[in-house]
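A structural walkthrough
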Amino acid sequence: MNKSKLVVLVVVVALVGAFFAFDGQQYISIERFRAWVDENVFSAALAYFALYVLVAALSLPGAAAITLLGGAVFGLWLGVLLVSFASSVGATLAFLLSRTLFADTVNKKFGSYLVKINEGIKREGAFYLFTLRLIPAIPFFVINLVFGLSKMKTWTFYWVSQLGMFVGTIIYVNAGAQLGEVDELSVSGVLTPSIIGAFILLAIFPYIVRAAVDWWKAKKVYKQYTKPKKFDVNLAVIGAGSAGLVSAYIAAAVKAKVVLIEKNKMGGDCLNTGCVPSKALIRAAKTNHYIHKANELGIENASGKVNFSKVMQRIHKVIDTIEPHDSVERYTKLGVECVQGEAKILSPYEVKVGDRIITTKNIIIASGARPFVPPIPGLTDVDYLTSDNLWSLEEQPEKLLVMGAGPIGCELAQSFQRLGTDVTLVDMADRLMPREDEDVSAYMLDTFKKEGVNVLLNQQIVGFKKTDTGYIAQLKSDSEETEVSFDKVMVAVGRKANTDSLGLETLGIELARPGTVIVDEYLRTKFPNIYACGDVAGPYQFTHTAAHQAWYASVNSLFGKIKKFRVDYRVIPWATFSDPEVARVGLSESEAKAQNIEFDITKYGIDDLDRAIADNEAKGFVKVLTVKGNDRILGCTIVGSHGGELITEFVSAMKHNIGLNKILGTIHIYPTMSEANKFAAGEWKRANVSEKTLQWLGKFHNWMRG
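Note that the structure is a prediction, hence the values are computed from the model and not measured. (Residues numbered from 1 in each chain as written. Predicted model: local features only at pLDDT ≥ 70, side-chain atom pairs only at ≥ 80, totals over all residues. Heavy atoms only, no water.)

Digging into the packing of helix α13 (residues 242–253) against helix α21 (residues 543–559)
The relative placement of two packed helices comes down to the angle between their axes together with the axis-to-axis distance. Between α13 and α21, whose axes approach to 8 Å, the crossing angle comes to 35°. The interaxial crossing formed by α13 with α21 has right-handed handedness. Of the residues in α21, those in contact with Ser242, Ala243, Val246, Ser247, Ile250 and Ala251 of α13 are Thr543, Ala546, Ala547, Ala550, Trp551, Ser554, Val555 and Leu558. Per-class residue counts for the contact of α13 with α21 are 10 nonpolar, four polar and no charged. (Axes fitted to C-alpha atoms, helices over the stretch in contact; angles between N-to-C directions. Helix = DSSP H or I, 4+ residues; strand = E, 2+ residues; numbered from the N terminus. Left-handed = near helix turned anticlockwise from the far one by under 90°. Contact = heavy atoms within 4.5 Å. Nonpolar A, V, L, I, M, F, W, Y, C, P; charged D, E, K, R; others polar.)

Written as C-alpha cells, this is what we have:
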C-alpha cells in the first residue's frame with residue numbers, strides 16, 4: 001500500500017472513530033428527514049426529484065448515496081418511483097448537454113470510449129445500452145455523456161435507460177429503505193439480518209445480472225444447434241502459429257484433451273516466413289554493413305562478397321534448427337493431438353477436417369494472417385514477392401521496389417540495400433513508420449537516405465507494366481506522375497486475417513473492417529465457446545501479443561464457467577528491427593496529444609553514452625513520456641542499437657507501476673547500453689527539481705561552511 005492510500009485509510013478510520021466516540025449519532029436521524037416528508041410529502045418528493053435530476057444531468061458525484069437516501073426517507077416503492085424517473089430524466093439531460101453544448105469537451109475527455117460504444121451499438125443496437133445499464137462496465141455518467149456523441153436517438157436512450165436501470169434501482173433503494181428502518185445509529189442497530197441481506201444483494205447484483213444476460217445471449221445464439229451429449233475433445237485449436245501453439249500447450253498442461261489443426265506448416269508465419277527468417281536476413285545484412293564500416297574501427301582492407309544463395313541457405317538452416325520447438329513430435333509428446341488439414345467449423349460444437357468431424361466443447365480460432373495484396377493493375381503480371389514467398393528467392397535482385405514503409409517494408413528495404421541491391425521504398429504516407437512519432441520517422445528517413453535507399457513518400461502506385469528490360473511501376477502524387485524501374489517488387493502494405501475457409505459466415509460470426517474476427521474482452525465471438533486470438537483477432541498483429549492472447553483464450557475456454565479473465569492490453573511493446581532498432585511501449589507523443597493527456601517529455605541522446613561510443617553505435621535516443629509533474633511512465637520510444645532489448649526495462653516498469661525515480665535508483669552495469677535508460681531517468685530528475693529547492697540547498701551548504 002502506498003503512502004497516499006495509507007493516509008486516506010488512517011483519516012477515514014479516525015473520522016469514523018471520532019463519530020462514535022463523540023456520539024455523532026445524535027446529529028443524524030432519519031426521523032428528522034421523515035418528519036419533513038410527513039409535513040409535506042409532495043414538496044419533499046419534488047425537491048428530492050429535482051436534486052437527483054440535477055446531480056445526474058451535471059454528472060456530479062454522489063448518485064449512489066442519494067439513491068440510498070431516497071429509500072431511507074421515502075420507503076421502497078415511492079423511493080423507486082422517484083429514483084427511477086429522476087435518474088432517467090437526469091441521464092437524458094446529460095445526454096442532450098453532451099450532444100449540444102459540450103460535444104468537443106466530452107470527445108476530448110472520453111473519446112476513447114466512443115469507438116467501443118459505436119461498435120457495440122452497431123453490433124447489438126439498443127440492447128447494448130440496456131446491458132451497460134444492467135452491468136455498468138463503463139461509469140454511469142460516462143455512458144450518459146459518450147452516448148450523446150453516438151447516433152442513438154434521444155427517445156431510445158431514455159426508455160432503454162429507464163428500463164435498464166429499473167432492477168438496479170430497486171436493489172439500491174431497498175438497501176436504503178432497510179437503513180431507514182434503523183432505530184439508532186449503532187453497530188448493533190446497523191448489523192441486522194435485513195440490512196446485511198440488502199447489502200449482500202447489492203454486492204452480488206452485478207454478477208447475477210451478468211450471468212442472466214450471458215445465459216440469455218447464449219440461448220439466443222445456440223437455439224438452432226444441437227449440443228452433443230459427449231465431446232471428442234475439450235478444445236479444438238485451429239492454426240499452429242504462435243497463438244495456436246500456446247493455446248494447445250496450456251490446454252495439454254492442465255490435462256484437457258486438445259486437438260491442434262494446421263493446414264500448412266507447424267510454427268505458422270513467425271517461424272517459416274516471418275520473424276525468424278527476416279531476423280536471419282537482417283543479421284547477414286548487418287554483418288556486411290559492419291564489414292564496410294570496419295575501417296572506422298581501424299581495421300584496414302576488410303572486404304566481403306555477398307553470396308546471396310548462401311545467405312538464403314543459412315536462413316533455411318536457422319528455420320530448420322528452430323523448427324523442432326514447434327514440431328508435431330514435440331506437441332504430441334506434450335499430449336496434443338496434431339491434425340494436418342484444412343479446418344471448417346460446421347457448428348459451435350463441430351469442426352470438420354477432411355472426412356473427419358471432431359466434436360468439441362470449445363474452439364479457438366488462431367488461423368493467423370497473410371500478406372495483403374492490393375488490387376493494382378498489372379501487379380499480378382510482375383511476379384511479385386511477399387513475406388510468404390520471398391524466402392524461395394534464389395537470385396539477388398539488382399533493383400528491388402518495396403511497397404510499404406511500415407515495419408516489414410523498412411526492415412527488408414534496409415537489409416537488401418545493405419546486401420548490395422538497389423532499393424526503392426515507396427509509401428502513400430508522408431513519412432516512414434507512420435505509427436511512430438515524427439522525430440522517429442525523420443531520424444530513420446535520414447538513416448535510410450545515408451545508406452542509399454531511395455525513399456519515395458506521398459506516392460501512390462497506380463499500375464505496373466512489363467518492358468523489354470524489366471518492369472516499371474507507375475507512381476502518382478498530388479503534383480506529378482513518375483515511373484520507377486525494378487527487377488522485383490516486394491509487397492509489404494499490411495496483412496489480412498485468414499478467415500476465408502473457416503465457415504464463419506455460415507455461423508454468422510462477424511468480422512471487423514480490417515477482416516479480423518470480432519471478439520469481446522474475453523476473446524469470445526458471438527458464441528461463448530468459440531474464441532479467437534492472434535493475428536486473426538487483432539488488434540495487435542505481433543507474435544508476442546498472439547502468445548499473450550492465447551493464455552486468456554485457453555484459460556477462459558477451459559475454466560470460464562468458474563472464472564473469466566479480461567485480456568490485458570495496457571502494456572504492449574513492439575519493435576521494428578531496422579538499424580538502429582525502433583522499440584516502443586505505451587503512448588507515443590502524438591497519441592498522447594490526440595487523447596488530450598497532459599505529459600512531460602524526457603529525451604536522452606544515445607550518442608552521449610560511453611558504451612555506444614565505444615561500440616561505434618553512438619546513434620539514436622531514449623524518449624520517455626511521463627505524467628505531468630510525476631515520474632509515472634506513460635510510454636517510451638527507443639531508437640538505437642538493441643532498442644528491442646533496452647525497452648524491456650520500461651515494459652516492466654509500466655507493468656508494475658515503477659516510476660523513473662526507481663529506475664534512476666537502480667544500479668546499471670557500466671559500461672552497457674542499458675545505462676541509457678538510467679540516464680534518461682536522470683534527465684527527468686534534473687528537469688523536475690525546482691529552482692527554489694536548489695536555492696535553499698545552496699543556502700544550506702553556505703551555512704554549513706560557517
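Read on for the rest.
So, the pattern of salt bridges
Scanning the entire structure with this criterion turns up 28 salt bridges. Across the salt bridge formed by Asp383 and Lys488, the nearest N and O atoms sit 2.9 Å from each other. Of the two residues, Asp383 sits in the loop between β7 (369–371) and β8 (399–403) while Lys488 sits in strand β14 (residues 488–491), which places them 105 residues apart along the sequence. The exposure class of Lys488 is buried, given its relative accessible area of 19%. Across the pair Asp439 and Lys603 runs a salt bridge, and its minimum N-O distance is 2.9 Å. Taken as a pair, Asp439 in helix α19 (residues 438–450) and Lys603 in strand β19 (residues 599–605) lie far apart in primary sequence, 164 residues in all. (Salt bridge = Lys/Arg side-chain N within 4 Å of Asp/Glu carboxyl O. Buried < 20%, exposed > 50% of the residue type's maximum accessible area, 1.4 Å probe, protein only.)

A closer look at the nonpolar core
With 36 residues, the main nonpolar core has Leu281, Ile315, Leu390, Phe416, Leu425, Leu432 and Phe448 as its most contacted residues. At the level of elements, α15 (275–292), α16 (308–322), β8, α18 (407–418), β9 (422–426) and α19 are the ones that each hand at least two residues to this core. Sort the elements by how many residues they give to this core and α16 lands first, with five residues. Among residues more than four places away in sequence, those in contact with Phe448 are Cys410, Gln414, Leu425, Leu432, Val453 and Val455. (Core = buried A, V, L, I, M, F, W, Y, C linked by side-chain atoms within 4.5 Å.)

Let's talk about the side chain of Glu262
Considering the arrangement of structural elements, one finds Glu262 in strand β2 (residues 258–262). No salt bridge is formed by the buried Glu262. Its closest oppositely charged neighbour is Lys263, at 7.3 Å. Here the side chain of Glu262 touches Asn264 through a polar contact of 2.7 Å, landing on its backbone nitrogen. In this structure, Glu262 is in contact with Gly239, Ala240, Gly241, Val339, Gln340 and Gly341, ignoring residues within four places of it in sequence. (Lys, Arg positive; Asp, Glu negative; His and termini not counted. Polar contact = N/O pair within 3.5 Å; in protein donor to acceptor, adjacent residues only side chain to side chain.)

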